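This is what each chain is made of:
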Amino acid sequence: MTQYQTITGEETVLRDGTIKLHGPEAFEGMRRAGRLAAEILDALAPFVQPGVTTGAIDDLVREMTLAGGAVPATMGYRGFAHSCCTSINHVICHGIPGDKALKDGDIVNIDVTPLLDGWHGDSSRMYLVGDVSLKARRLVDVTYECLMIGIEQARPGARLGDIGAAIQAHAEQHRYGVVREFCGHGLGRLFHDAPEVVHVGRKGTGPELKPGMFFTIEPMINLGKPWVKMLADGWTAVSRDKSLSAQFEHSIGITEDGCEIFTLSPGGLHKPPY
Ligand code: MF3
Ligand code: CO
Ligand code: CO
């Protein structure tokens, strides 16, 4: 069992592999953190245009996070130095913001995690840059459907494996590849906690879902094969066959009769076009 200090330094949380069951105060904390994440993703939409650098997007995310009374949980996380991840085209996840400018036809995932009053709101969406090809837009649409189909499985009595099974079936029906190396995760006071939420699997397997569990679902779907390559920077994951990759992420909590999505867009900007 390992003890980790939260970034606030106010308390110590245990990390022992069990799936925590949270109460009403935790739901309230996650609701606020999740709402800020969603507001930030909403506010970014008009800025995601050809010519804008991913570093400029990162600056906006940091400013909005701080203005919302939170800090970006990614800053200083295992050596990551930025306020969000920006993953363009064949980048699957954890793209590092920098000088690179977005160009017409790109698809980009922006992943934000404000840490507000000790709670992590983790969410990402795809954005279309200028005129995007039909095949890229279809990948983005199906990836969003994969997330929402996964969320539909999340209710008490279901098994964690039901989520991955539903996502995998939908993606593979479209002949897309589901990334295995990265998964959703429990979260709350910790950024990454038990359980691991894999986006493939078999129905009826894995732990039973119970009210009070918090986790993300964040399928990464490749237009081609699911295989991953890591770049030398140690963060950027790309599709090995260089095919386009898309991802959406929500943070959810299991309730008595289903689940609550903490990171729903207040502006209705659920998927592009925004
Ligand atoms: N937000 C990512 C997730 O969904 C984690 C990013 S960690 C970073 O879990 F260090 F790469 F930013
Ligand atoms: Co996440
Ligand atoms: Co995320």
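Residues numbered from 1 in each chain as written. Chains lettered and ligands numbered in written order. Predicted model: local features only at pLDDT ≥ 70, side-chain atom pairs only at ≥ 80, totals over all residues. Heavy atoms only, no water.

A. Quick peek at the overall build of the protein. A count of helices and strands for the protein gives four helices and 19 strands. For the protein, whose C-alpha radius of gyration is 17 Å, the value lies close to the compact-globule estimate of 19 Å for 274 residues. Expressed along its principal axes, the backbone C-alpha trace of the protein runs to roughly 45 × 40 × 35 Å. Considering only contacts in the protein between residues 6 or more positions apart, those separated by 24 or more positions represent 70%. When the accessible surface of the protein is summed, it comes to about 11,800 Å², and 52% of that surface belongs to carbon and sulfur atoms. (Helix = DSSP H or I, 4+ residues; strand = E, 2+ residues; numbered from the N terminus. Rg over C-alpha atoms; globule rule 2.2 N^0.38 Å. Contact = heavy atoms within 4.5 Å. Areas by Shrake-Rupley, 256 points an atom, 1.4 Å probe, with all protein chains shown as cover.)

B. Molecular detail of the site of ligand 1. Ligand 1 sits among 14 residues. The nearest are Thr74, His185, His192, Glu218 and Glu249. Side-chain polar atom of glutamate 249 to an oxygen atom of ligand 1: 2.9 Å apart, as the coordinates give it. In the complex, the protein chains occlude 97% of the 340 Å² of accessible area that ligand 1 would expose alone. Residues of the shell around ligand 1, tallied by class, amount to five nonpolar, five polar and four charged. (Near = heavy atom within 4 Å. Polar contact = N/O pair within 3.5 Å; in protein donor to acceptor, adjacent residues only side chain to side chain. Nonpolar A, V, L, I, M, F, W, Y, C, P; charged D, E, K, R; others polar.)

C. Quick look at the sheet that holds strand E3 (residues 71-72). Read from one edge to the other, the open sheet built from three strands follows the order E3-E7-E8, with strand pairing classed as antiparallel. Edge positions in the sheet fall to E3 and strand E8 (119-120), since each has one partner strand and no second. Direction of pairing for E3 relative to strand E7 (residues 114-116): antiparallel, over a ladder of two bridges. Looking at E7, one finds that valine 71 is bridged to leucine 115. (Pairing = 2+ DSSP bridges.)

D. Spatial organisation of the side chain of threonine 74. By the secondary structure assignment, threonine 74 is in the loop between E3 and strand E4 (84-88). A polar contact is formed between the side chain of threonine 74 and the backbone oxygen of histidine 82, at a distance of 2.6 Å. Excluding its chain neighbours within four sequence positions, the residues that come into contact with threonine 74 are Phe80, His82, Ser83, Cys84 and Phe191.

E. Representation of the pattern of salt bridges within the structure. Tallied over the entire structure, the rule returns ten salt bridges. Taking the shortest distance from any N to any O, the salt bridge between aspartate 58 and arginine 62 comes out at 3.3 Å. On the criterion of helical spacing, the pair formed by aspartate 58 and arginine 62 is a turn pair, its members being four residues apart in helix H2 (residues 54-67). When its relative accessible area of 24% is taken as the criterion, arginine 62 is described as partly exposed. (Salt bridge = Lys/Arg side-chain N within 4 Å of Asp/Glu carboxyl O. Buried < 20%, exposed > 50% of the residue type's maximum accessible area, 1.4 Å probe, protein only.)

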